[in-house]
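Take a look at the letters that make up each chain.
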Protein chains: 2
Amino acid sequence: MYKKIPKNTIHRLPLYLSVLEQLAEESQNQEEFFHSVDLEKLLNIKNSVIRKDLSYFGEFGVKGKGYNIVSLKTALKEILDINVIKKTVIIGCGNIGTAIIKYPYFTKINLEIVAGFDVDPKIIKQKINQTPVYHIDRLVDFLNKEKIQFVILAVPVHASKFILQDLITKTDIHGIINFTPISLKVPKHIKVINSYISAKILEMYFYLKNTNA
Amino acid sequence: MYKKIPKNTIHRLPLYLSVLEQLAEESQNQEEFFHSVDLEKLLNIKNSVIRKDLSYFGEFGVKGKGYNIVSLKTALKEILDINVIKKTVIIGCGNIGTAIIKYPYFTKINLEIVAGFDVDPKIIKQKINQTPVYHIDRLVDFLNKEKIQFVILAVPVHASKFILQDLITKTDIHGIINFTPISLKVPKHIKVINSYISAKILEMYFYLKNTNA
DNA sequence: TTGAGTTTGTGAATATGATCACAAGTTCAA
DNA sequence: TTGAACTTGTGATCATATTCACAAACTCAA
Ligand SMILES: NC(=O)c1ccc[n+]([C@@H]2O[C@H](COP(=O)([O-])OP(=O)(O)OC[C@H]3O[C@@H](n4cnc5c(N)ncnc54)[C@H](O)[C@@H]3O)[C@@H](O)[C@H]2O)c1
Ligand SMILES: NC(=O)c1ccc[n+]([C@@H]2O[C@H](COP(=O)([O-])OP(=O)(O)OC[C@H]3O[C@@H](n4cnc5c(N)ncnc54)[C@H](O)[C@@H]3O)[C@@H](O)[C@H]2O)c1
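Quantities reported herein were computed from a predicted structural model and do not represent experimental measurements. (Residues numbered from 1 in each chain as written. Chains lettered and ligands numbered in written order. Predicted model: local features only at pLDDT ≥ 70, side-chain atom pairs only at ≥ 80, totals over all residues. Heavy atoms only, no water.)

Bringing the domain arrangement of chain A into the picture now. Domain annotation for chain A reports domain 1 (7-79) and domain 2 (86-199). Taking only C-alpha atoms, the centre of domain 1 of chain A and the centre of domain 2 of chain A are 32 Å apart. (Domains from an automatic or database assignment.)

Now for the protein's contact with DNA strand C. By nearness alone, 27 residues border DNA strand C, and His 35, Ser 36, Arg 51, Gly 64 and Tyr 67 of chain A come closest of all. The sugar-phosphate share of atoms of DNA strand C within 4 Å of the protein amounts to 64%. Separating a phosphate oxygen of DNA strand C from a side-chain N or O atom of His 35 of chain A is a distance of 2.8 Å. Between Arg 51 of chain A and DNA strand C, the recorded distance is 2.7 Å, taken from a side-chain N or O atom to a base nitrogen. Those elements that place two or more of their residues in the surface near DNA strand C are helix H3 (47-55) of chain A together with helix H1 (7-26) and helix H3 (47-55) of chain B. Element by element, the count of residues in the surface near DNA strand C is highest for H3 of chain B, at 4 residues. (Near = heavy atom within 4 Å. Polar contact = N/O pair within 3.5 Å; in protein donor to acceptor, adjacent residues only side chain to side chain. Helix = DSSP H or I, 4+ residues; strand = E, 2+ residues; numbered from the N terminus.)

Next up on the list: the protein's contact with DNA strand D. Taken together, 27 residues lie near DNA strand D, and His 35, Ser 36, Arg 51, Gly 61 and Tyr 67 of chain B sit nearest. When atoms of DNA strand D within 4 Å of the protein are sorted by moiety, sugar and phosphate together comprise 67%. In the model, a phosphate oxygen of DNA strand D is placed 3.2 Å from a nitrogen or oxygen of the Glu 59 of chain B side chain. Looking at the surface near DNA strand D, the elements that each hand over two or more residues are helix H1 (7-26) and H3 of chain A together with H3, strand E2 (61-62) and strand E3 (66-68) of chain B. In terms of residue class, the surface near DNA strand D is built from 6 nonpolar, 8 polar and 13 charged. (Nonpolar A, V, L, I, M, F, W, Y, C, P; charged D, E, K, R; others polar.)

The subject of this paragraph is the pattern of salt bridges. All chains considered together, the criterion is met by 12 salt bridges over all chains. Of the charged contacts, one joins Asp 120 of chain A and Lys 122 of chain A as a salt bridge, the two residues approaching to 3.7 Å between their closest N and O atoms. Between Asp 81 of chain B and Lys 86 of chain B there is a salt bridge; the shortest N-O distance is 3.0 Å. Look at Lys 86 of chain B and you get buried, because its relative accessible area is 7%. (Salt bridge = Lys/Arg side-chain N within 4 Å of Asp/Glu carboxyl O. Buried < 20%, exposed > 50% of the residue type's maximum accessible area, 1.4 Å probe, protein only.)

With that settled, the discussion passes to the site of ligand 1. The immediate surroundings of ligand 1 are formed by 24 residues, with Asn 95, Ile 96, Asp 118 and Val 155 of chain A together with Tyr 103 of chain B found nearest. Neighbouring residues of ligand 1 are distributed over chains A and B. Here an oxygen atom of ligand 1 and a backbone polar atom of Asn 95 of chain A are 2.9 Å apart. Residue Ile 96 of chain A places a main-chain N or O atom 2.9 Å away from an oxygen atom belonging to ligand 1. About the coverage of ligand 1: the protein hides 86% of its 820 Å² of free accessible area. (Areas by Shrake-Rupley, 256 points an atom, 1.4 Å probe, with all protein chains shown as cover.)

Our next topic: helix H6 (residues 139-146) of chain B. All names here are of chain B. Residues Leu 139, Val 140, Phe 142 and Leu 143 constitute the buried set of H6. Mapping the buried residues of H6 onto a view down its axis gives an arc of 165 degrees, with all of them on the same face. In this structure, H6 carries Asp 141 and Lys 145 as exposed residues pointing more than 90 degrees from its buried face. Check the buried side of H6 and you find it contacts strand E4 (86-91), strand E5 (111-118), strand E6 (133-135), strand E7 (150-153) and helix H7 (157-170). Directly beyond the C-terminal end of H6, a positive phi value near 50 degrees is found at Lys 147. (Arc of directions from axis to C-beta. Contact = heavy atoms within 4.5 Å.)

Take the sheet that holds E2 of chain B next. All names here are of chain B. Overall, antiparallel pairing links the 3 strands, which are arranged E1-E3-E2 in an open sheet. In the strand order of this sheet, the two ends are held by strand E1 (33-34) and E2, each with one partner. Inspection of the sheet shows E1 paired to E3 by 2 bridges, in the antiparallel sense. Following the sheet pairing, Phe 33 is matched in E3 by Asn 68. Sitting on the sheet, helix H4 (residues 69-79) is in contact with E1 and E3, with an inclination near 75 degrees to E3. (Pairing = 2+ DSSP bridges. Axes fitted to C-alpha atoms, helices over the stretch in contact; angles between N-to-C directions.)

Here is the structure:
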């Protein structure tokens, strides 16, 4: 448990890890070092920001030498708690939900998608990549029995209110990754992380309008 | 062209619009008003932040009365440049790419996905929801001929370097919405907006580890 | 073993963003 | 027509994040 980590620092940690994994793959030598300036070039994040971000969690570098790729990667995995296997479920196995179930990288971050939930009989009972899909009615029981800590929500907007109510009142989940384009009202012990794809596109519109001819 | 809008303000504008669209649908009356405090309740964003965000672009409210739903919605659409039809293409029509092509909401923000590109012969020439999919070899010509301003990149990492190089050196695009989990090095006239889904999950890990038992 | 050359880690300074708090404009009931 | 009740828009203030700049610690070549 750390004290007062800036939000933006948390956003950046996964980026650091992503680059380190690439570097680790590319490098032959376990003992290879790199500098915060190298990372700056790869990520477009100032080296001083990178060093300060890391400093919230400890001292991982060697002065005059830099950071060991492998050991910083290991440290970041520890910070992000990747070493503990996490179970989750996908609520709504449509386009987005299915894409997530099929994404193989998640096993690398120790994420197990143990089930999907839907209402469409054509989808239910058809396993998607080994993952069984159950009727939404079984969601609450499943989450409680399996002690799932967070869920991934990818249902249409009209279905989300009803499901959210169940999640809040009948289960003990602590997190929701939300792909629906609405803001979820939740009690404060539940962390919502939004992945609002349309917003990214609108952001692009804004930048295109305001940065060039 | 506005001066110095905070990044977070830009992130929030699409959220405001999203709520306004919901409110507009629900309300009978064209003349209905609402307050920044109402928005605060719906979005969990402080009313003072909302008012300040809007103030960067003009005065849209009426003191003592609030904001007219329809006219603020119209103003936001103008700010985000939604009224002008935008064309884009999906590079990589796999799980994510296909999900995006099939998503019907994008027409509401005047986004036309005019083509997809891939290398898989099983995917090429099979239209996905009216959208034709071409071979990646035709990408550069297509972008130049159709004067596409931004693209959506959803290919595997190994393919992205090669494609990025083409985009930078042979086309005149100004934006990339990037679903690959790597950071794209681009010249500064190109705006990259990342939608790094795995990062969201790692953020969740971090919060779960550091906020509760 | 030395010392010039590196690069980290971090307080201090700066910049940016959020919040506060209130004047100013508007509404509306009497 | 008046004035109490609202709610906006925004400077001033406060909080948070980034950048600067340098001492400290290490490297490595000679
Ligand atoms: N596809 C995209 O690119 C995209 C982009 C931005 C946002 N979104 C949002 O993500 C969400 C999912 O999008 P999608 O494209 O995958 O939609 P989709 O229609 O393909 O999938 C939704 C799935 O949810 C299921 N469902 C409906 N009601 C349900 C219920 N009560 N319980 C459980 N499952 C139920 C449907 O059967 C369907 O399989 C939507 O809220 C959408 O607005 C999607
Ligand atoms: N699916 C997810 O949930 C998810 C999550 C996070 C990140 N991503 C990232 O998004 C990207 C796409 O993921 P996906 O799950 O859709 O993968 P996918 O494998 O389903 O789709 C990738 C598509 O790109 C095509 N392709 C390969 N090489 C190409 C080339 N040179 N030119 C054009 N097309 C080419 C493939 O034929 C395939 O259709 C990947 O970079 C992945 O890491 C996906």
